[in-house]
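One-letter residues, chain by chain:
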Amino acid sequence: MAEFVEGFEFLSHLKKEVSVFGSARATSADKYYRLAKDLGYKCAKGGFTMITGGGPGIMEAANWGAFEGGGDSIGINISLPIEQRSNPYVHRSMGFHYFFTRKVMLSASSQAYIFFPGGFGTLDEMFEIITLIQTGKMSSEVPVILFGRDYWQPMLAWIKATICEEHRFVEKKDLEIIHLVDTVEEAYQLIKKTHERLL
């Protein structure tokens, strides 16, 4: 309960938030690391606050871009025995012991949720946010953006063919929650349009 109270208090001072998710294992040699940094920079120049899990990899890249762009760079961190550490490009951060409270904070108030390639943690966060939008617990006005057609398209094709068409466990209209992009400009325009629509 204390983490919830402190977390919402921490978030209450932020504005024009964009949340970026992705692999903690991505290195600076990875093209998606570079693209996440470029997106962080562009968002910062547009006045958006960059929120990540505060760790290495894609999170670090997005925070780094926001840091270099002069924007607000926020980390919502988690205590883990391996991998997770706060990256050096976070202006303000808050650490969490529980995954579920941290996930609520990462999904609480952003105007866009951007998912770069990642592993189980990224997939978990992505499907949770999609489910919250699908069930009306979060606004459908806020886009879920999957960055990287070559990474995400095979999964989306399986969802469409197997889950939607063969078994009908998901309605086709629910796939409209997801926006697939390949460039920083595509992602940024979706973020910008959403902000303008929500004003």
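Since the model is a prediction, treat every value here as computed from it, not as a measurement.

### Here we look at the pattern of salt bridges
Reasoning step 1: Per the counting criterion, the structure on display carries 12 salt bridges.
Reasoning step 2: Arg102 is paired through a salt bridge with Glu125; the nearest N and O atoms lie 3.8 Å apart. One end of the pair, Arg102, is in helix H4 (residues 99-106); the other, Glu125, is in helix H5 (residues 120-134), with 23 residues separating them in the sequence.
Reasoning step 3: A relative accessible area of 5% places Arg102 in the buried class.

### Considerations on the packing of helix H1 (residues 2-11) against H4
Reasoning step 1: Between H1 and H4, whose axes approach to 10 Å, the crossing angle comes to 20°. Comparing their axes, H4 and H1 come out roughly parallel. Crossing geometry of H1 relative to H4 is assigned as right-handed. Residues Glu3, Phe4, Gly7, Phe8 and Leu11 of H1 form the contact with H4, whose participating residues are Phe100, Thr101, Val104 and Met105.
Reasoning step 2: Residue composition of the contact of H1 with H4, by class: 6 nonpolar, 2 polar and 1 charged.

### Some points on the environment of Glu171
Reasoning step 1: Structurally, Glu171 can be placed in the loop between helix H6 (149-166) and strand E7 (178-181).
Reasoning step 2: Judged by relative accessible area, Glu171 falls into the partly exposed class, the value being 49%.
Reasoning step 3: Remark: the alpha-carbon pair of Glu171 and Ile58, spanning 113 residues in sequence, is separated by 31 Å.

### What about unusual backbone geometry?
Among all residues except glycine, the phi angle is most often negative; among peptide bonds, the trans geometry is most common.
Reasoning step 1: Phi at Lys16 is positive, roughly 50°, even though this residue is not glycine.
Reasoning step 2: Looking at the secondary structure, you find Lys16 in the loop between H1 and strand E1 (17-21).
Reasoning step 3: The residue Arg168 is not glycine, and still its phi comes out positive at about 60°.
Reasoning step 4: Relative to the assigned elements, Arg168 resides in the loop between H6 and E7.

### Side note on the pairing of strand E2 (residues 49-52)
Reasoning step 1: Here E2 shows no split at all, with Thr49 and Ile51 on one side and Met50 and Thr52 on the other all buried.
Reasoning step 2: Both E1 and E2 contribute to a ladder of 3 bridges, which runs parallel. Bridge pairing in E2 places Val18 opposite Met50.
Reasoning step 3: Note: E2 against strand E3 (residues 73-78), 3 bridges, orientation parallel. Bridging from a neighbouring strand, Thr52 pairs with Gly75 of E3.
Reasoning step 4: Remark: the E2/helix H3 (residues 58-68)/E3 crossover connection has right-handed handedness.

### Notes on the sheet that holds strand E4 (residues 92-96)
Reasoning step 1: Spatial ordering of the open sheet is given by E4-E3-E2-E1-E5-E6-E7, a layout of 7 strands whose pairing is parallel. The sheet is open, and its two borders are formed by E4 and E7, each paired with just one other strand. Neighbour to neighbour, the strand axes of the sheet diverge by 20° on average, direction disregarded.
Reasoning step 2: Two elements, strand E6 (residues 144-147) and E7, share 4 bridges in a ladder whose sense is parallel. In the sheet register, Val144 faces E7, and the bridge partner there is Ile178.
Reasoning step 3: Across the sheet, H4 lies against E1, E2, E3, E4 and strand E5 (113-115), angled at about 160° from E3, the strand it touches most.
Reasoning step 4: Contacting E5, E6 and E7, H6 runs over the sheet at an angle of about 140° to E7.

### A few points about the layout of surface pockets
By rolling a water-sized probe across the atoms, one finds the places where empty space is left.
Reasoning step 1: Reported here for the second largest pocket is a volume of approximately 220 Å³.
Reasoning step 2: Elements that contribute at least two residues to the lining of the second largest pocket include exactly H5 and helix H7 (184-198).
Reasoning step 3: Among the elements that line the lining of the second largest pocket, the one with the most residues is H7, at 4 residues.
Reasoning step 4: Tallied by class, residues from the lining of the second largest pocket come to 5 nonpolar, 4 polar and 6 charged.

Rules and cut-offs
- Residues numbered from 1 in each chain as written.
- Predicted model: local features only at pLDDT ≥ 70, side-chain atom pairs only at ≥ 80, totals over all residues.
- Heavy atoms only, no water.
- Salt bridge = Lys/Arg side-chain N within 4 Å of Asp/Glu carboxyl O.
- Helix = DSSP H or I, 4+ residues; strand = E, 2+ residues; numbered from the N terminus.
- Buried < 20%, exposed > 50% of the residue type's maximum accessible area, 1.4 Å probe, protein only.
- Axes fitted to C-alpha atoms, helices over the stretch in contact; angles between N-to-C directions.
- Parallel < 35°, antiparallel > 145°, perpendicular 65-115°, else oblique.
- Left-handed = near helix turned anticlockwise from the far one by under 90°.
- Contact = heavy atoms within 4.5 Å.
- Nonpolar A, V, L, I, M, F, W, Y, C, P; charged D, E, K, R; others polar.
- Pairing = 2+ DSSP bridges.
- Right-handed = clockwise from strand over helix to strand, strands pointing away.
- 1 Å grid on protein atoms, 1.4 Å probe; cavity = no way out; pocket = protein on both sides within 12 Å on 5 of 7 lines; lining within 4 Å.
- Points joined across faces, edges and corners; volume = space filled by probe spheres on them.

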